[in-house]
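Next come the chains, spelled out residue by residue.
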Amino acid sequence: MADGHLFNNILLGGRGGINPGQLRVHSGGIIWKKQGGGKVVEVDKADIVGVSWMKVPRAFQLGFRIKDGLFYKFTGFREQDVSILNAFIQNSIGITPEEKQLSVSGQNWGEVDLNGNMLTFLVGSKQAFEVSLADVSQTQLQGKNEVVLEFHVDDTTGANEKDSLMELSFHIPNSNTLFVGDETRSPAQVFRDKIMSMADVGPSGEEAVVMFEGIAILTPRGRHTVELHFSFLRLQGQANDFKIQYSSVVRLFLLPKSNQPHTLVVVTLDPPIRKGQTLYPHIVLQFETDYVVESTLTINEELLNTKYKDRLEASYKGLIHEVFTSILRGLSGAKVTRPGKFRSCQDGYAVKSSLKAEDGVLYPLEKSFFFLPKPPTLILYEEIDYVEFESHGAGVSMSSHYFDLLVRLKNEQEHLFRNIQRNEYHNLYAFISGKGLKIMNLAEGQTTDSVAAVLQNDDDDAVDPHLERIKNEAGGEESDEEDEDFVAEKDDGGSPTDDSGEEESDASESGDDKEKPAKKEVKKEAAPKSSSSKRKPKDGDEDGSKKRKPKKKKDPNAPKRAMSGFMFFSQTERENLKRNTPGLSFTDVGRALGERWKKMTAEEKEPFESMARADQKRYKEAMAGYKSGPTHIDSGNESDSK
């Protein structure tokens, strides 16, 4: 590398866990990027005040001390890397790296060294451990000689680890010469006061700098009071309470919603917060776009003019999302991303789409795609291998209204954004082309054949085949009578058969086989229900005067047909889906269930398929008894059974 050195598989240590990434040390400073995207640490050489390295198990650790007291530890270097970096850092940054020795004796008595906001415990002249005072939430004096440090307990700390440091206790004897007491204060009290002054620890009931009440949070869902403190933000709701350190905030996104009176503010975290077994790397807050607030910060003038100079103001007045973002940016130091040059056909910043059976909007930003609100999905352009425009509902009669966008990443992961309106194609294509992303099946700016066919179709009354298929599946579950009438009219004139049950099972598999949509089309054409609809005369019946065959009457004693595995799955999950996602229409519920069933593995489907096989066996046995009984209707004509 012409300027600096690049190292892979370098671990960044901290309370958020140990994260692997790539470190570049150059003449202007250092840049570390987390593997797979996310957190980025960038330090200018003017902010570096100290460099040190030490031998740790199986590797070497390089440390950088920053002006504001932060200390970054990078682990994973080889011995030859250290000698190369020593020379480069000394020549380019102008700092001579210091060599530290690690104590492995296991002794728990020694000396405490306070430097910046780092506390180092030394055994002899060697370092036993060190902690950042920025992580200390509170100090307590127990008795006359013991000082207890309590560390921040937030919902991101330890998300990647099973254990996390919670408390540390020091015994300061009266004979201590480093922290000398007097008649009014013991050495332990002097030690505690020193830590409080360096760590800027506030009281346990620290008052919030500003508070926003009743804010709607879409992910994780709920309405919360948002408190912004000096070192953390708190989300307080009726059921959940989250505490998040600003050190976990990677970036802020301020994204207006198209044609809606709401604006989204997304707080991206690394590590994410945890709720149960679910991790949330993005917090999606929704504000009323035109709501104006006036807020005065609870902060003393001295602190405002020193630590937060040019970052915060004493009071704010303006739109609520702008005020919230400005204050959070000033406290956390995170950058804010706003919509870029992309505009939809309605002059919005996003296009309507769906991902994993969830409806939302896709924001094409300057450096990434962002799908919101659920599941929040951030895709950096640098991680994309290629994109591909696809005709909506490929394999069945195409809808003229929509197309799909497939995004394939370099790690072979794929994201399919479905149901994008066709009039958004040209805007999306021009924007993606301008970003230099590889577009599959496009030759010199020409559209693919499949998408071109969709765009050239001007039939505004075209039917979305996927939606119709889901409607039919859901309708088949809710109304057995219509399906049985159809089978009776089509097959044997009234009596349900084993074949009819198997056909129902195939048609309910959420479109796994290509022939299934064709079966549904036959069903729609062959089952007219309205008595007033006109029927085309058959061959040989030119005048159409022949009387229509009367509708077969369903025998109430006939056994209920066997259900498919998909139907058992729908019965089990329908209420859960309605409860977890209130407000879904009947069609949306059917669509979501169909998508879930299609994505399930054979092992996941097996319990429901087993229930279907048992029900099929029950149906066959019941049919055998029914056909041999005196009351069943063989031909569908009542006179035949008399």
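Residues numbered from 1 in each chain as written. Predicted model: local features only at pLDDT ≥ 70, side-chain atom pairs only at ≥ 80, totals over all residues. Heavy atoms only, no water.

Novice: I would appreciate a short explanation of the overall build of the chain in the present structure.
Specialist: When helices and strands are tallied, the chain shows 13 helices and 31 strands. Burial status across the chain gives 46% buried among its 642 residues. Residue pairs at least 24 apart in sequence account for 52% of intrachain contacts in the chain once pairs closer than 6 positions are excluded. Of the roughly 34,500 Å² that the chain leaves accessible, carbon and sulfur atoms contribute 47%. (Helix = DSSP H or I, 4+ residues; strand = E, 2+ residues; numbered from the N terminus. Buried < 20%, exposed > 50% of the residue type's maximum accessible area, 1.4 Å probe, protein only. Contact = heavy atoms within 4.5 Å. Areas by Shrake-Rupley, 256 points an atom, 1.4 Å probe, with all protein chains shown as cover.)

Novice: Hey, could you run me through the pattern of salt bridges in this one?
Specialist: Pairing between side chains of opposite charge can happen when their charged atoms approach one another. If you walk through the whole model with that rule in mind, you get 10 salt bridges. Of the charged contacts, one joins Glu322 and Arg338 as a salt bridge, the two residues approaching to 3.2 Å between their closest N and O atoms. Of the two residues, Glu322 sits in helix H4 (residues 320–332) while Arg338 sits in the loop between strand E24 (335–337) and strand E25 (351–355), which places them 16 residues apart along the sequence. When its relative accessible area of 29% is taken as the criterion, Glu322 is described as partly exposed. Of the charged contacts in the structure, one is a salt bridge between Asp615 and Arg618, with a shortest N-O distance of 2.8 Å. (Salt bridge = Lys/Arg side-chain N within 4 Å of Asp/Glu carboxyl O.)

Novice: Please explain the packing of helix H11 (residues 565–580) against helix H13 (residues 602–628) as it appears in this structure.
Specialist: The geometry of a pair of packed helices is captured by two quantities: the angle between their axes and the separation between those axes. It is at 7 Å that the axes of H11 and H13 come closest, and there the two elements cross at 120°. H13 is crossed by H11, and the crossing has right-handed handedness. Contacts between H11 and H13 involve Gly565, Phe568, Phe569 and Thr572 from the former and Phe608, Glu609, Met611, Ala612 and Asp615 from the latter. Residue composition of the contact of H11 with H13, grouped by class: five nonpolar, two polar and two charged. (Axes fitted to C-alpha atoms, helices over the stretch in contact; angles between N-to-C directions. Left-handed = near helix turned anticlockwise from the far one by under 90°. Nonpolar A, V, L, I, M, F, W, Y, C, P; charged D, E, K, R; others polar.)

Novice: Please clarify how the confidence of the model for the chain should be interpreted in this entry.
Specialist: Low-pLDDT stretches of the model should not have their predicted coordinates read in fine detail. Confidence along the chain averages 76 in pLDDT terms, with 73% of residues attaining 70 or more. Within the model, the stretch residues 394–398 combines pLDDT values under 50 with eight contacts to residues more than four positions away or in other chains. (pLDDT = per-residue confidence, 0-100.)

Novice: Mind showing me how you'd approach helix H1 (residues 79–92) here?
Specialist: For an α-helix the count is 3.6 residues per turn, leaving residues at separations of three or four pointing the same way. The first and last C-alpha atoms of H1 sit 20 Å apart over 14 residues, in line with the 20 Å expected at 1.5 Å per residue. Among the residues of H1, Asp81, Val82, Leu85, Phe88, Ile89 and Ser92 are the ones counted as buried. Down the axis of H1, the smallest arc covering the buried residues is 135°, so these residues share one side. Facing away from the buried side of H1 by over 90 degrees, the exposed positions are Glu79 and Asn91. Where H1 is buried, its residues touch strand E1 (5–12), strand E2 (19–26), strand E5 (48–56), strand E6 (59–66) and strand E7 (71–77). After H1 finishes, the residue Gly94 shows a positive phi value of roughly 85°. (Expected span 1.5 Å × (residues − 1). Arc of directions from axis to C-beta.)

Novice: Would you mind showing me how to read the packing of H11 against helix H12 (residues 586–599) here?
Specialist: The N-to-C vectors of H11 and H12 enclose an angle of 125°; their axes lie 10 Å apart at closest approach. By the angle class used here, H11 and H12 are oblique. Crossing of H11 against H12: the hand is right-handed. Judged by residue contacts, Gly565, Phe566, Phe569, Ser570, Glu573, Arg574, Leu577 and Lys578 of H11 engage Phe586, Val589, Ala592, Leu593, Gly594, Arg596 and Trp597 from H12. Partitioning the contact of H11 with H12 into residue classes produces eight nonpolar, three polar and four charged. (Parallel < 35°, antiparallel > 145°, perpendicular 65-115°, else oblique.)

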